[in-house]
Each structure stands twice: as structure tokens, then as C-alpha cells.
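Chain and residue survey
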Amino acid sequence: MRARAVGYIRVSTEEQAQSGFGLDAQEDAIRKYADAVGLELIAVHADPGVSGTTRPADRPGFAKVLELAADERFSVLLVKRFDRLARSLALAVGTSGELDAQHGVSIRSISEGMDTGSAAGRLIFGVLSALAEQERDTITERTKGGRMQKAGQGGYSCGRIPYGYLSDGKGGLLIDEEPAAVVRRIFAENGAGRTVRAIADGLNADGIPSPRGRRWSGGGVSYVLNNQTYFGRTEVVFITGGVVTHVNRPGSHARIVR
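Below, the structure is looked at part by part. (Residues numbered from 1 in each chain as written. Predicted model: local features only at pLDDT ≥ 70, side-chain atom pairs only at ≥ 80, totals over all residues. Heavy atoms only, no water.)

Before going further, it helps to examine the side chain of Asp-47. Locating Asp-47 in the fold gives a position in strand E2 (residues 40-48). Among the polar contacts listed, one links the side chain of Asp-47 to the backbone nitrogen of Phe-62, at a separation of 3.1 Å. Ignoring any residue separated from it by four or fewer positions in sequence, one finds Asp-47 in contact with Tyr-8, Ile-9, Arg-10, Val-11, Arg-59, Pro-60, Gly-61 and Phe-62. (Helix = DSSP H or I, 4+ residues; strand = E, 2+ residues; numbered from the N terminus. Polar contact = N/O pair within 3.5 Å; in protein donor to acceptor, adjacent residues only side chain to side chain. Contact = heavy atoms within 4.5 Å.)

Judged by pairing direction, the sheet is mixed, and its 5 strands sit side by side in the order E2-E1-E3-E4-E5 without closing on themselves. Sheet topology places E2 and strand E5 (114-115) at the edges, where each strand pairs with a single neighbour. Pairing geometry for strand E1 (residues 4-11) and E2, over 8 bridges, is parallel. The partner of Arg-4 across the bridge, within E2, is Glu-40. Of the strands in this sheet, E1, E2, strand E3 (76-79) and strand E4 (106-109) are in contact with helix H1 (residues 23-37), which crosses E1 at around 160 degrees. Where helix H2 (residues 60-70) meets the sheet, it contacts E1, E2 and E3, and its direction lies at approximately 150 degrees from that of E2. (Pairing = 2+ DSSP bridges. Axes fitted to C-alpha atoms, helices over the stretch in contact; angles between N-to-C directions.)

Attention now goes to the layout of surface pockets. Vacant regions in the atomic arrangement are exposed by a probe of water-molecule size rolled over the atoms. Here the second largest pocket defines a volume of roughly 200 Å³. If you trace the second largest pocket, you find 13 residues lining it, with Arg-55, Ala-57, Gly-94, Thr-95 and Glu-98 closest to the centre. When contributions to the lining of the second largest pocket are tallied by element, the ones reaching two or more residues are H2 and helix H3 (89-103). If you tally residues by element for the lining of the second largest pocket, the top one is H3, at 8 residues. A class-by-class count of the residues in the lining of the second largest pocket yields 7 nonpolar, 4 polar and 2 charged. (1 Å grid on protein atoms, 1.4 Å probe; cavity = no way out; pocket = protein on both sides within 12 Å on 5 of 7 lines; lining within 4 Å. Points joined across faces, edges and corners; volume = space filled by probe spheres on them. Nonpolar A, V, L, I, M, F, W, Y, C, P; charged D, E, K, R; others polar.)

Encoded structure:
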């Protein structure tokens with residue numbers, strides 16, 4: 001009984017005009033390869049005009065591939081080139097690993113002569129996995145570096161926009177007056193000696209929703225009271241590889257609490 005295979009082809013919008021990357025050329029290569037090596041090609045799924053930066057699982061065509069894999073309909077996925085899975089090495093390798101681990105599906109790249117189901121292919125795959133991990137670490141460090149630089153300059157660098165503020169669309173914060181008044185009330189009542197539970201009860205009694213649109217809790221009030229943003233400061237903690245970096249400095253936004 002011949003092994004069953006599925007072909008996957010993809011082309012981004014900018015690649016459609018380039019020779020050798022068209023969907024027809026990819027499908028033709030896959031069909032000829034399957035016929036030459038004796039694979040039973042049961043389907044070819046395509047993602048036309050889809051960027052390689054889109055997660056494979058989020059593409060309509062590849063979603064059909066995953067459905068067939070989940071039903072154990074095939075054991076080999078054929079692509080013309082490995083980068084048809086994804087432009088990012090980390091994303092392509094991650095997708096390959098998931099197909100193998102979850103569904104027992106190996107991937108063969110026709111142009112590159114790589115088969116993740118062979119001993120040599122697994123060796124190459126191991127090298128690619130190491131490179132993918134390095135790529136992920138590089139992206140993480142680059143992102144962290146950008147956020148640290150922004151935080152160090154007093155800008156708002158990451159996370160949910162604090163209650164009482166709006167984004168100015170440029171990475172900064174603007175005061176949102178209605179919730180800002182609630183923030184000032186919380187600080188004023190706390191300064192007068194009321195407990196966080198009592199403050200929360202008062203807000204709920206007045207029908208004021210929490211930042212998430214629910215009832216206030218003592219923990220929610222405490223979070224507001226401990227947020228340095230309201231004093232015009234930027235405070236961020238980055239943790240990478242066990243190393244903790246703490247940034248706390250005057251921010252570039254207006255303070256709500258005086």
C-alpha cells in the first residue's frame with residue numbers, strides 16, 4: 001500500500017509575479033515528485049496571496065491540511081520549499097515539529113531534498129531547531145531592548161493601557177477624564193483612612209464599573225493604589241533568562257494624582 005501524501009502550496013502577493021514561485025509551478029512540482037517516488041497524493045491545498053509571516057494554523061488552506069492530519073488521512077506533507085510553511089525559521093520549524101509530534105506527519109521539501117522523516121532529515125531538522133531557538137531569543141532580546149529604551153526615556157512601553165488613560169496613538173498616554181476622576185476618588189478615600197474593601201464597596205454601591213466592566217474588588221483598588229503611572233512615573237520589570245531589570249523613572253505622560 002502506497003503512503004498517502006498531501007501537498008501544500010503558498011504564495012504571497014508580492015511573489016505572485018516572480019518566476020518559480022507561482023502556485024501552478026509549486027503544484028506541478030509536487031505532483032511530479034509524488035508520482036516519481038510512488039506517493040498517493042490525495043489533495044493539494046493552497047493559500048494564495050498569504051504572507052509567510054501569517055501563522056500556518058491561521059491560513060484557510062493550511063487549516064484544511066491540519067484537518068486531514070487530525071483525521072490521520074496522510075503521513076507525508078509535500079512542499080516545494082521549506083519556506084512555503086513560513087518565512088520565519090522559528091515558525092516553520094515549530095509547525096513541522098507539531099505535525100510530527102501530534103499527527104505523525106513528516107515533511108518533504110522537494111527543492112531542498114529534505115525529509116523530516118529520514119535520519120538525515122531529522123539531523124538537519126535538529127540543526128534548524130537550534131537556529132530557530134536562536135532566532136526566537138534574538139527577537140525577544142530585540143523587543144525587550146526596544147521596550148527598555150522606551151521605558152528609559154519615560155515612555156509607556158508595554159502592557160494594557162492603565163485605567164484612567166487613553167493611548168495617544170504614538171506610544172504615549174493621555175488622561176481619560178471620567179475614569180481618571182474615579183482614580184482620584186480612590187486615592188482621596190485611601191488618604192482619608194478608608195480600607196480598600198470599603199472603597200470597593202462604595203464604588204459598587206454607586207454603580208461604577210471596574211476597569212474590566214465588572215464589580216470592584218479590594219484587589220482591584222489595591223492595584224490602582226500601587227500603580228506608579230498615576231504619579232507620572234514609568235515602572236517596568238523585565239525578566240529574561242532569570243535576569244531581572246527594573247526601570248522606574250519619571251514618565252513623559254501627565255500625572256492623575258498630585
